[in-house]
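Residues per chain, in single letters:
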Amino acid sequence: MEITGPLNIGVLDNDTGGRELHLSFKPEFRILNLQQQSEEFQEFIRNLINEIHKLDESDANRQGMMTILQICEQLQAHIDANELPLEETIVVNIQSQSPFGNIKISV
């Protein structure tokens, strides 16, 4: 699965049997002014939704993209309010037993 946009996304398996997503904003995104960041991130979310709809429900990439979408939708308000240190890596812990019920975001 390749997701293009303002984020670099890395996936790591952790010691607890879950996974960690490491999200960092690309330098090109960080230098934009706040309004541009907000608009570009909204466009990224719209594109992600469109790409998800193109995939078959059984496609393994769809679940990963849905997880990224859920996280990005939560981040949008923080980007709009200029509450995120964009130079920091955001770590999202996902427990493999219930990926949507056990998402924990930390900066």
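Residues numbered from 1 in each chain as written. Predicted model: local features only at pLDDT ≥ 70, side-chain atom pairs only at ≥ 80, totals over all residues. Heavy atoms only, no water.

**Points about the confidence of the model for the chain**
Of the residues in the chain, 86% reach a pLDDT of 70 or more, and the chain-wide mean stands at 87. Within the chain, helix H1 (residues 27-30) carries the highest mean pLDDT (97), whereas strand S4 (residues 103-106) carries the lowest (50). (pLDDT = per-residue confidence, 0-100. Helix = DSSP H or I, 4+ residues; strand = E, 2+ residues; numbered from the N terminus.)

**A closer look at unusual backbone geometry**
One non-glycine residue, Asn 82, lies in positive phi territory at about 60 degrees. Looking at Asn 82, the relative accessible area reads 52%, which means it is exposed. (Buried < 20%, exposed > 50% of the residue type's maximum accessible area, 1.4 Å probe, protein only.)

**Notes on the nonpolar core**
Core analysis: the biggest nonpolar cluster contains 23 residues, and Phe 25, Phe 41 and Leu 48 have the highest contact counts within it. When contributions to this core are tallied by element, the ones reaching two or more residues are strand S2 (19-25), helix H2 (34-54), helix H3 (60-80) and strand S3 (90-94). Counting residues per element, this core draws most heavily on H3, which supplies seven residues. (Core = buried A, V, L, I, M, F, W, Y, C linked by side-chain atoms within 4.5 Å.)

**Re H3**
A turn of α-helix holds 3.6 residues, and therefore any two residues three or four places apart point the same way. Given a rise of 1.5 Å per residue, 21 residues ought to cover 30 Å, and the 31 Å separating the end C-alpha atoms of H3 matches this to within 8%. The largest bend in H3 comes to about 30 degrees, at Gln 74. Those residues of H3 lying buried are Arg 62, Met 65, Thr 67, Ile 68, Leu 69, Ile 71, Cys 72, Leu 75, Gln 76 and Ile 79. At the N-terminal end of H3, a side-chain oxygen is found 2.8 Å from the backbone nitrogen of Asn 61, two or three residues along, and the residue is Asp 59. Looking one or two residues beyond H3, the residue adopting positive phi is Asn 82, at roughly 60 degrees. (Expected span 1.5 Å × (residues − 1). Bend = angle between axes of the 7 residues up to and from the residue. Polar contact = N/O pair within 3.5 Å; in protein donor to acceptor, adjacent residues only side chain to side chain.)

**Brief notes about the packing of aromatic side chains**
By the definition in use, this model includes four aromatic pairs. Measuring from centroid to centroid gives 5.2 Å for Phe 25 and Phe 29, while their planes differ by 15 degrees, and the two rings are stacked. Taking the relative accessible area as the measure of exposure, Phe 29 reaches 1% and is therefore buried. Here the aromatic cluster, defined as three or more aromatic residues joined through ring pairs, consists of Phe 25, Phe 29, Phe 41 and Phe 44. (Phe/Tyr/Trp six-rings, centres within 6.5 Å; stacked < 30°, edge-to-face > 60°.)

**Some remarks on the side chain of Gln 37**
Structurally, Gln 37 can be placed in helix H2. With relative accessibility at 4%, the residue Gln 37 sits in the buried group. With residues near it in sequence (within four places) discarded, Gln 37 still touches Phe 29, Arg 30, Leu 32, Ile 79 and Leu 86. (Contact = heavy atoms within 4.5 Å.)

**Describing the environment of Leu 69**
Inspection of the secondary structure puts Leu 69 in helix H3. Classification of Leu 69 by relative accessible area gives buried; the value is 9%. Here the alpha-carbon distance between Leu 69 and Leu 48, two residues 21 residues apart in the chain, equals 6.8 Å. Residue contacts for Leu 69: discarding those within four places in its chain leaves Ile 45, Leu 48, Ile 49 and Ile 52.

**Looking at the pairing of S2**
Where strand S1 (residues 7-13) lies against S2, seven bridges are found, and the strand directions are antiparallel. The residue bridging Leu 7 from the neighbouring strand is Phe 25, located in S2. Between S1 and S2, which pair antiparallel in sequence order, lie five residues; one of them, Gly 17, sits at a positive phi of approximately 90 degrees. The pairing of S2 with S3 spans five bridges and is antiparallel. The residue bridging Leu 23 from the neighbouring strand is Ile 90, located in S3. (Pairing = 2+ DSSP bridges.)

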